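If you want the building blocks of each chain, they are given just below.
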There are 2 protein chains.
Amino acid sequence: MEKFAIGIDIGGTNSKFGLVTAAGHVVGQGSLPTQHYPDFGRYLEELSTAIHQLIEKAAPGAPIEGVGIGAPNANHFKGTIENAGNLPWKGIVPFVEKLSPYFPGLPMLITNDAKAAAIGEMVYGSARGMKDFIVITLGTGLGSGFVTDGRLVLGHQSFAGELGHTIVNPTGRYCSCGRRGCLETYASATGICRTVFKLLADHPEPSEFRGIAFNDLTSEKITQAALAGDSLAIEAYERTGEILGKSLANAVAVTDPEAIFLFGGLAKAGKYIFEPTRRHLDANLHPNYKNRVKLLPSGIDGMNAAILGASALAWRE
Amino acid sequence: MEKFAIGIDIGGTNSKFGLVTAAGHVVGQGSLPTQHYPDFGRYLEELSTAIHQLIEKAAPGAPIEGVGIGAPNANHFKGTIENAGNLPWKGIVPFVEKLSPYFPGLPMLITNDAKAAAIGEMVYGSARGMKDFIVITLGTGLGSGFVTDGRLVLGHQSFAGELGHTIVNPTGRYCSCGRRGCLETYASATGICRTVFKLLADHPEPSEFRGIAFNDLTSEKITQAALAGDSLAIEAYERTGEILGKSLANAVAVTDPEAIFLFGGLAKAGKYIFEPTRRHLDANLHPNYKNRVKLLPSGIDGMNAAILGASALAWRE
């Protein structure tokens, strides 16, 4: 009988879960609105009930390999979620300890979203067979997962891979972490919206963006405008790619990867983000790495990417 | 009978070698002037003869664990030295393949100087028991060795750890790699000499450095001047520490180390380099890492550091 892993992706809006085969086929899935559960105990009950119902429906009696969880601010070593600003539970939440009793006997691992994406790329995606690569997730922020010699870099406290919080401009944009000029203030879905507003401030040309409030702007709208030839949108992608490409060139000098994968919302802009990023990456690489590092779209990007990434933990670790 | 490892450090001026116990005691050593041997075959003969004579003298008949070699531009995977500008042999030199026949049956590994220093710190030095740390070598250039989860990060081509060639200022100093603003153009023994000359250009104050040619300036002289209260020397260290500390804060966000070790000539300046580096490191760390990363002097720095680092490869790998 085919084995499955359970993947759970905990986001600020929704908690998605699914049953996944070793080949990366999602045979069933569901979701809960995270914000509806300020009571953590009730959340765990509803989540585990929904998952057990899914198992009964999609694969009754099937053997389960384990449970993998992706969450913001997850501590891989401690099994906790720590001070996640966009989740309803405050402080340090002992997630694995509290969820484990609902899945007796199953191995359970939690890690942050970007590390889950990196493991997902290695297990199901375009990094299969690669031992040294980086996954960059371009969502609200910029996350990253570094894999060296086939192993995810976790670090001393499991806080490795915060490339989004490397400082690229000490006098630059204010970051939610309290510092200035972090990469993710420029290279992320939010970062490119900030860049559009900077361009609107600096330039007098008309633009469709002059009729849109900051809270209504999305990276998808910027991509649509770029497709329609809006020069401001194209310039915003150019600047985003320049800062991202230069930062990736520095990251390459640290871990010497075979490939870098771009994952998440902003990566869906295709050539608008890949072309300038690749150009500035290549232009800034040390001769040792010149023309040797691939910049690729994620092979698991799509509707189920987050569930796949989380479930991959169960197969891999 | 006690076992030994052979350590060989190949430098542009001298090739040093020694016999080292598992505890890091150097029981015998010697050296050859590298530049006297443009003929690589003759170099190998003299080097292996000298090492065999050393074994006969210092530990006749003792069991040897293996041979570890540290060299500039060494390719760990291929056993080669590739296009090392300061060595007399040009192109790609198959070092391990050619030296192995002189030591039949012994495992032999080569890696670059900074990676050897990192392994040395883990085997004999102050990183014993640590699994996640970074060693920064501050010599003519800036080298680095990253260890994560107890393993040296090598990368896809074995070119990981080139923190010295991350770009800290795109319009900054010209680097021998052909680009501009690499960290090592500021934070290295050569970098601080360049900073002294920049300060001499920018400021009118008298300084003992106004009587010294660039080729005669050394980081030791700058340290001596700082000790004597020379404000320009102290300012040069302050600027070096600022750039190094900020770069280390970014490196911490990538691999989340427990400690960073400073090794090599410039690290011998003690508080003059450690104090500003630590201050700017702490000031620029993301909250996740604040007050959690140690900045320490190497525990194997000294006369035999390079031999120890090279020999550690034989014990560790």
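What you see is a predicted model; the values in this text were computed from it and never measured.

Novice: For this particular structure, what's the right way to read unusual backbone geometry?
Specialist: Backbone geometry follows two general trends: most residues other than glycine have a negative phi, and most peptide bonds adopt the trans configuration. Its identity as a non-glycine residue notwithstanding, S158(A) has a phi of 75°, on the positive side. The topology assignment puts S158(A) in the loop between β11 (151-152) and α4 (189-202). By relative accessible area, which is 1% here, S158(A) ends up buried. Despite not being glycine, D149(B) has its phi angle at roughly 50°, a positive value. Given the relative accessible area of 39%, D149(B) is considered partly exposed.

Novice: Help me out: how do you make sense of the confidence of the model for chain A in this one?
Specialist: Segments scoring low in pLDDT should not have their predicted coordinates read at a detailed level. Residues and elements named next belong to chain A. Mean pLDDT over chain A works out to 95, with 100% of the residues at or above the 70 mark. For chain A, per-element mean pLDDT is lowest for helix α8 (residues 305-316), which scores 91, and highest for strand β13 (residues 294-297), which scores 98. Here the prediction assigns the complex a pTM of 0.94, and the interface score ipTM is 0.93.

Novice: For this particular structure, what's the right way to read the sheet that holds strand β6 (residues 80-82) of chain A?
Specialist: In any sheet, the strands associate via hydrogen bonds between backbone groups, in a parallel or an antiparallel arrangement. Residues and elements named next belong to chain A. Taken together, 3 strands build an open sheet; the order of strands is β5-β6-β7 and the sheet is antiparallel. In this open sheet, the two edge strands, each paired with only one partner strand, are β5 (74-75) and β7 (92-93). Sheet topology places β6 next to β7; 2 bridges connect them, and they run antiparallel. Bridged to E82 within β7 is I92.

Novice: What is the right way to read the pattern of salt bridges from this model?
Specialist: Oppositely charged side chains are able to pair whenever their charged atoms sit close together. Residue and element names in this part refer to chain A. Overall, the coordinates contain 20 salt bridges over all chains when judged by the stated rule. One salt bridge connects D202 with K198, and the closest N-O pair in it is separated by 3.0 Å. Of this pair, D202 and K198 both sit in helix α4, 4 residues apart, which is roughly one turn of the helix. Judged by its relative accessible area of 42%, K198 falls in the partly exposed class.

Novice: What should I look at first to understand the interface of chain B and chain A in this one?
Specialist: Taken together, the 35 residues of chain B in the interface contact 35 residues of chain A. Here chain B and chain A share an interface that buries about 3200 Å² over both sides, 50% of which is from carbon and sulfur atoms. Summed over the shared surface of chain B and chain A, the number is 2 salt bridges. Ionic pairing is found between D149(B) and R151(A), a salt bridge with its closest N-O pair at 3.1 Å.

Parameters and conventions
- Residues numbered from 1 in each chain as written.
- Chains lettered and ligands numbered in written order.
- Predicted model: local features only at pLDDT ≥ 70, side-chain atom pairs only at ≥ 80, totals over all residues.
- Heavy atoms only, no water.
- Helix = DSSP H or I, 4+ residues; strand = E, 2+ residues; numbered from the N terminus.
- Buried < 20%, exposed > 50% of the residue type's maximum accessible area, 1.4 Å probe, protein only.
- pLDDT = per-residue confidence, 0-100.
- Pairing = 2+ DSSP bridges.
- Salt bridge = Lys/Arg side-chain N within 4 Å of Asp/Glu carboxyl O.
- Contact = heavy atoms within 4.5 Å.
- Buried area = accessible area lost by both parts, 1.4 Å probe.

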